[in-house]
Amino acid sequence: AGQPDGCMVQIRDMGIRHECESSLLESENRYQSILSDQPTIIYRFTRDGRITYANAAFVEVSGFEHAELIGSNHNIIRHPDMPPEAFADLWQAIKRGDSWQGVVKNRRKNGDHYWVNATVTPIVENGQCLGYTSVRTAVEPSVAEATGRAYERIRAGRSGLAIRQGQVIRRG
């Protein structure tokens with residue numbers, strides 16, 4: 001209580017920086033604990049991205065009310081740290097009928113975040129794509145940390161990295 005849930009500034013005072021880093025780690029561990037204790041997150045969305053189904057685990061971990069999620073664009077949980085290339089790769093794959101799997105940093109309603117292994121699959125009936133199902137599970141903290149560093153490099157534009165089929169790869 002009373003501790004910051006995140007820091008968005010450069011901190012030069014090492015005592016404050018340590019306190020802030022500790023608070024961030026505590027926050028991340030708390031939400032990873034919620035995620036790992038919950039059943040798998042499942043939600044469905046239309047071809048234009050509107051959420052049509054959200055299970056209880058998704059509601060709890062995201063921090064949004066069920067009614068706030070249904071009908072909203074699924075980017076309601078998009079965290080600004082995610083590189084746009086990840087979502088371009090996702091949409092390219094699922095629109096051609098392929099499944100997509102990758103590590104995603106999601107935004108909670110209160111501004112915090114949580115990391116998941118996401119698998120997004122088209123829902124096809126009689127040869128027609130009706131929408132998509134997203135199944136998400138907890139990710140190991142070390143994977144989240146490494147992926148976060150890679151995504152930061154991609155966003156900076158000088159990494160030599162790319163995202164293909166949800167995986168971070170070296171270009172060239």
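Look up: the structure comes first, before these words.
Residues numbered from 1 in each chain as written. Predicted model: local features only at pLDDT ≥ 70, side-chain atom pairs only at ≥ 80, totals over all residues. Heavy atoms only, no water.

Draft legend 1. The overall build of the protein chain, seen in detail. Check the secondary structure of the protein chain and you find five helices and seven strands. Helices (α) and strands (β) of the protein chain occur, in sequence order from the N terminus, as α-β-β-α-α-α-β-β-β-α-β-β. Within the protein chain, buried positions represent 39% of all 172 residues. The contacts of the protein chain with a sequence gap of at least 6 include a subset with a gap of at least 24, amounting to 47%. Entry remark: accessible area of the protein chain is about 9,900 Å², with carbon and sulfur atoms responsible for 49%. (Helix = DSSP H or I, 4+ residues; strand = E, 2+ residues; numbered from the N terminus. Buried < 20%, exposed > 50% of the residue type's maximum accessible area, 1.4 Å probe, protein only. Contact = heavy atoms within 4.5 Å. Areas by Shrake-Rupley, 256 points an atom, 1.4 Å probe, with all protein chains shown as cover.)

Draft legend 2. Local environment of the sheet that holds strand 5 (residues 128–138). In space, the five strands of this open sheet follow the order 2-1-5-4-3, with antiparallel pairing throughout. At either margin of the open sheet sits one strand with a lone partner, and together these are strand 2 (51–54) and strand 3 (100–107). In this sheet, adjacent strand axes meet at a mean angle of 30° when their direction is disregarded. Taken together, the eight bridges between strand 3 and strand 4 (residues 113–125) define a ladder with antiparallel strand orientation. Across the sheet, residue Gly102 finds its bridge partner in strand 4, namely Ala118. This element, helix 4 (residues 84–95), spans strand 1 (41–45), strand 3, strand 4 and strand 5 of the sheet and lies at about 135° to strand 3. Taken strand by strand, helix 5 (residues 141–156) contacts strand 3 and strand 4, and its axis lies near 80° from that of strand 4. (Pairing = 2+ DSSP bridges. Axes fitted to C-alpha atoms, helices over the stretch in contact; angles between N-to-C directions.)

Draft legend 3. Spotlight on the pairing of strand 7 (residues 167–170). As judged from the four bridges shared by strand 6 (residues 161–164) and strand 7, these two strands associate in the antiparallel manner. By the bridge assignment for strand 7, Arg164 is matched with Gln167.

Draft legend 4. Focus on helix 4. Over its 12 residues, helix 4 extends 17 Å from the first C-alpha to the last, a length consistent with the 16 Å expected when each residue adds 1.5 Å. Where helix 4 is concerned, the buried positions are Ala86, Phe87, Asp89, Leu90, Trp91, Ala93 and Ile94. Buried residues in helix 4 make contact with strand 1, strand 3, strand 4, strand 5 and strand 6. Just past helix 4, the residue Gly97 takes up positive phi, approximately 95°. (Expected span 1.5 Å × (residues − 1).)

Draft legend 5. Looking closely at helix 5. Here helix 5 contains 16 residues, and its C-alpha end-to-end distance of 23 Å stays within 8% of the 22 Å for a straight helix at 1.5 Å per residue. All of the buried residues in helix 5 are Ala144, Thr147, Ala150, Tyr151 and Ile154. Considered in projection along helix 5, the buried side chains sweep an arc of 130° and stay on one side of the axis. Residues of helix 5 that are exposed and point over 90 degrees away from its buried face: Ser142, Glu145 and Glu152. (Arc of directions from axis to C-beta.)

Draft legend 6. Looking closely at unusual backbone geometry. You will see that Asn126, though not glycine, has its phi angle at about 50°, which is positive. If you trace the backbone, Asn126 turns up in the loop between strand 4 and strand 5. Positive phi values are uncommon outside glycine, yet Gln165 reaches one of about 55°.

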